[in-house]
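If you want the building blocks of each chain, they are given just below.
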Amino acid sequence: MTVELLTKEQLEKVKFASKIVAQALEYLKDFVKPGASAWDLEMAIRDWLKKNYPNARPAFYGYRGYPAYLCVSVNEEVVHGIPRKERVLKEGDIVSIDFGVEYEGFYGDSAKTFKVGEVSKDIERLLEGTEKALYNAIEEVYAGNKLENVARAIYKTLKKYRLHPICKYGGHGIGTKLHNEPFVANCPGVGPKMKLKEGMVLAIEPMAGLKTAKTMELADGWTVITWNRTPAAHFEHTVAITENGPEILSLPD
Ligand code: MF3
Ligand code: CO
């Protein structure tokens, strides 16, 4: 396994790409409302990127043939939802928006699950638990710690919230590529065993189902849904391992 270690100068570039992503997600927040379609979000971000960061390249577009800038995953869609005009948001829905960019050869990647208006208590727990799993995982991201402790933090947090950790998918190293080694598992015992080192950058992305962890892929070859169409959530940050511990790069200014 070859894990990329970045210099401080290179980390600054990953940070710049990650900030673009964070700002994009902030921008999209206002577009998440009843009546908006997943495609509307895609159109909004295409315009925004061209206008604000014409030199940034949307990282997902064309990646293994992926057809959009964003992944927009509504309710039962876990990840990799292809934005469609027909998928219209309504009050009480949740929507994970995942975005990545490449800037001067370096990548940033982040995702958030948004509420559409008011949601049920169970959905609140789903969002709170999955986001908390991400932040608890980030606390484990320091040099010398075992990578598996990141997965353990995610898993334990989700269990505490009575959620179903989705072990089949997970995060990844990131840097000069969108998907680098190592695989960053959401459950212990699933990913590679290694020690974390200064200069590593990880995209950590917990996913959880409210009622099930079992997923299937749609015929479009991308969209992952829960098998019984119950809701799932997803949060992701790009995080660097520095001499001072974890630094979340995908935060807006
Ligand atoms: N953040 C997601 C991931 O790392 C998005 C990838 S979409 C793809 O898997 F099209 F690029 F695959
Ligand atoms: Co990712």
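Everything numeric here is computed off the predicted structure, so don't read it as measured data.

Here's the deal with the nonpolar core
Item 1. Core analysis: the largest hydrophobic core is formed by 29 residues, its most contacted members being Leu-126, Val-150 and Ile-204.
Item 2. Among the secondary structure elements, those contributing two or more residues to this core are helix H3 (121–138), helix H4 (148–160), strand E9 (201–204) and strand E14 (237–242).
Item 3. At 7 residues, H3 tops the list of elements feeding residues into this core.
Item 4. Excluding anything up to four places from it in sequence, Ile-204 contacts Leu-134, Ala-137, Ile-138, Val-141, Val-150, Ile-154, Val-184, Phe-235, Glu-236, His-237 and Val-239.
Item 5. The next biggest cluster of nonpolar side chains, apart from the first, holds 28 residues, and it includes Val-21, Val-32, Trp-48 and Tyr-53.

Here we look at the pattern of salt bridges
Item 1. Under the counting rule described, the total for this entry stands at 15 salt bridges.
Item 2. In this structure, Arg-46 engages Glu-42 in a salt bridge whose closest nitrogen and oxygen atoms are separated by 2.7 Å. Here Arg-46 and its partner Glu-42 are both found in helix H2 (residues 38–52), 4 residues apart, which amounts to about one turn of the helix.
Item 3. According to the relative accessible area criterion, Arg-46 is partly exposed, its value standing at 22%.
Item 4. For Lys-115, the salt bridge is made with Glu-124, and the minimal N-O distance between the two is 3.1 Å.

Digging into the sheet that holds strand E13 (residues 232–234)
Item 1. One open sheet accounts for 3 strands, arranged E6-E10-E13; its pairing is antiparallel. Each having just a single partner strand, strand E6 (164–165) and E13 make up the two edges of the open sheet.
Item 2. Two strands pair when backbone bridges link them, and E6 and strand E10 (residues 207–209) are joined in this way by 2 bridges, in the antiparallel orientation. Its bridge partner lying in E10, Pro-165 is registered against Ala-208.
Item 3. Strand contacts of H3: E10 and E13, with the helix running at about 30° to E13, the strand carrying the most contacts.

Brief notes about the site of ligand 1
Item 1. Taken together, 13 residues are adjacent to ligand 1, and Asp-98, His-172, His-179, Glu-205 and Glu-236 come closest.
Item 2. Here His-80 contributes a side-chain N or O atom positioned 3.1 Å from an oxygen atom of ligand 1.
Item 3. Between His-172 and ligand 1, the recorded distance is 2.8 Å, taken from a side-chain N or O atom to an oxygen atom.
Item 4. Starting from 330 Å² of accessible surface for ligand 1 in isolation, the protein chains cover 96%.

Describing helix H1 (residues 8–29)
Item 1. The end-to-end C-alpha distance of H1, which contains 22 residues, comes to 31 Å, matching closely the 32 Å that a straight helix rising 1.5 Å per residue would cover.
Item 2. Taken together, the buried residues of H1 touch H2, strand E2 (70–74), strand E4 (94–103), strand E5 (106–115), E9 and E14.

Brief notes about the environment of Glu-243
Item 1. Along the polypeptide, Glu-243 turns up in the loop between E14 and strand E15 (245–248).
Item 2. The exposed category is assigned to Glu-243, whose relative accessible area is 54%.
Item 3. For the pair Glu-243 and Glu-198, spaced 45 residues apart in sequence, the C-alpha separation works out to 6.3 Å.
Item 4. With sequence-adjacent residues up to four places away left out, Glu-243 is seen in contact with Lys-8 and Glu-198.
Item 5. Polar side-chain contacts of Glu-243 include one of 3.2 Å to the side chain of Lys-8.

What counts as what
Residue positions are given per chain, counting from 1 as you read along its sequence in written order. Note on labels: chains are lettered from A, ligands numbered from 1, in written order. Totals for whole chains, interfaces and linings use every residue, but because this is a predicted model, local features are given only for residues with pLDDT of at least 70 and side-chain atom pairs only at 80 or more, for both listing and counting. Note that the side-chain values use all heavy atoms of the structure and ignore hydrogens as well as water. To form a nonpolar core, buried Ala, Val, Leu, Ile, Met, Phe, Trp, Tyr and Cys residues must be joined to one another through side-chain atoms within 4.5 Å. Note on exposure labels: buried denotes an accessible area under 20% of the residue type's maximum, exposed denotes more than 50%, and partly exposed covers the range between, all computed with a 1.4 Å probe on protein chains only. Helix numbering and strand numbering both begin at the N terminus, where a helix is a DSSP run of H or I of at least 4 residues and a strand a DSSP run of E of at least 2. By the convention used here, residues are in contact when the closest approach between their heavy atoms is within 4.5 Å. Here, a salt bridge means any Lys or Arg side-chain nitrogen found within 4 Å of an Asp or Glu carboxyl oxygen. In short, DSSP must find at least two bridges between two strands for them to pair. For helices, the fitted line uses only the C-alpha atoms of the stretch in contact; every axis is such a line through C-alpha atoms, and the angle between N-to-C directions lies from 0 to 180 degrees. Consider each residue's heavy atoms; a residue with any of them within 4 Å of a molecule or strand counts as near. Counted as a polar contact is a pair of N or O atoms within 3.5 Å, where, for protein atoms, one must be capable of donating a hydrogen and the other of accepting one, and residues adjacent in sequence contribute only when both atoms are in side chains. Note on areas: these come from Shrake-Rupley sampling with a 1.4 Å probe, and a residue is covered only by the protein chains present in the view. By definition here, a helix of n residues has an expected span of 1.5 Å times n minus one.

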